[in-house]
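# Per-entry structural report
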Amino acid sequence: MNKVMSNKWIIAMYVLPALLLILVLIYVPIILTGYYGLMKWDGIGEMDFIGLSNYTRLLSDGKFWGSALNSLLLAIFSLLSLIGYLAISLVLAAKIKGANLLRKIYLIPMLLSSVAIAQLWLKIYHPSNGLLNSLLVFFGVDNPPAWLAEPSLVLGAIFVPIIWQYAGFYILIYYAALKNIPDSVIEAAKIDGASPLQIAYKIKIPLIMGVIKVTIVLAFVGSLKYFDLIYVMTGGGPNGASEVIASYMYKQAFNSYNFGYGSAVGFALLLLCLLATVVIQRLTRTDDEVEY
């Protein structure tokens, strides 16, 4: 009995530093963010308690809901892009010639910072001498659009570099999962006469469904809180057309010095991410998964 208790104390001593780190870096900031959302505060002077006023203000804030819609569109677009990532991974895992080289090429965006990627795509989207408009002019388009200056185009234009940025990450995850499938399973399906498409759809994808569910959560929640590349490329403009929740929160807190309302926006973003995670887990749960 004493030996069991001693082992528990040893385990607790090993786990305690990690728990303290999680508490200080994650849970304490979350609690403080919710607390600051109850205050009227410019970030420097004294805080005035105003109760739930900041949170009720969110309900009637059109700019907040506009940024929430943009974040939702980005999340949906990210989910759709997972289909393309999975298709590429299936091709790479099929032992095609040059698969190793292609895999390295897809990983290149992961080596770049978001600021570097934003600067690169700013050059590509430049209205007068950018690569994209230069190609359009070459193929006969007289007046190519200013991609980042037109409200109807800016959101789609920003989605492209975001999807490109994370392609290597998700392709690598899917590729690793596919390579872990035993070759004997694939060979048995081939002997039974299954086509490559049937093997991919009925064998490979079901066997890595657990990994796919994880990537769905990562893509959706990560898109809801996306910030850096959008802020560098457009700052949420023009006229809020590319504003997302995270950039709106940043502007309220650090540009308008309304830290109380900015904290309320951040806490609302946290709740949206938690809700999205729960809903996705419910929707993707299968009958054979036991709920404890």
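I will try to describe carefully the structure that is included in this document. The model shown is predicted, which means the values in this text are computed figures rather than measured ones. (Residues numbered from 1 in each chain as written. Predicted model: local features only at pLDDT ≥ 70, side-chain atom pairs only at ≥ 80, totals over all residues. Heavy atoms only, no water.)

According to the stated counting rule, one finds 18 aromatic pairs in the structure shown. Measuring from ring centre to ring centre gives 5.2 Å for Phe-77 and Phe-159, while their planes differ by 25°; the resulting arrangement is stacked. Pair noted here: Phe-77 is in helix 3 (residues 62–92) and Phe-159 is in helix 7 (residues 151–179), with a separation of 82 residues, a long-range link. The partly exposed category is assigned to Phe-77, whose relative accessible area is 35%. Taking the centre distance of 4.9 Å and the plane angle of 65° together, the rings of Tyr-231 and Tyr-250 count as edge-to-face. Separated by 19 residues along the polypeptide, Tyr-231 in helix 11 (residues 228–233) and Tyr-250 in helix 12 (residues 245–255) bring together distant segments of the chain. Each member of the aromatic cluster is reached from another via a ring pair, and the members are Tyr-35, Tyr-36, Trp-41, Phe-227, Tyr-231, Tyr-250, Phe-254 and Phe-259. Sitting over the ring of Tyr-261, Arg-57 keeps its end group 3.7 Å from the ring centre. (Phe/Tyr/Trp six-rings, centres within 6.5 Å; stacked < 30°, edge-to-face > 60°. Helix = DSSP H or I, 4+ residues; strand = E, 2+ residues; numbered from the N terminus. Buried < 20%, exposed > 50% of the residue type's maximum accessible area, 1.4 Å probe, protein only. Lys NZ or Arg CZ within 6 Å of the ring centre and 35° of its normal.)

Of all hydrophobic cores here, the largest spans 25 residues; its most connected members are Tyr-85, Leu-86, Tyr-174 and Ile-208. Of all elements in the fold, only helix 3, helix 7, helix 8 (183–191), helix 9 (196–207) and helix 10 (209–224) reach the threshold of two or more residues within this core. With eight residues, helix 7 is the single largest residue contributor to this core. When sequence neighbours within four positions are dropped, the list of residues in contact with Tyr-174 reads Leu-82, Tyr-85, Leu-86, Ser-89, Val-211, Ile-212 and Thr-215. (Core = buried A, V, L, I, M, F, W, Y, C linked by side-chain atoms within 4.5 Å. Contact = heavy atoms within 4.5 Å.)

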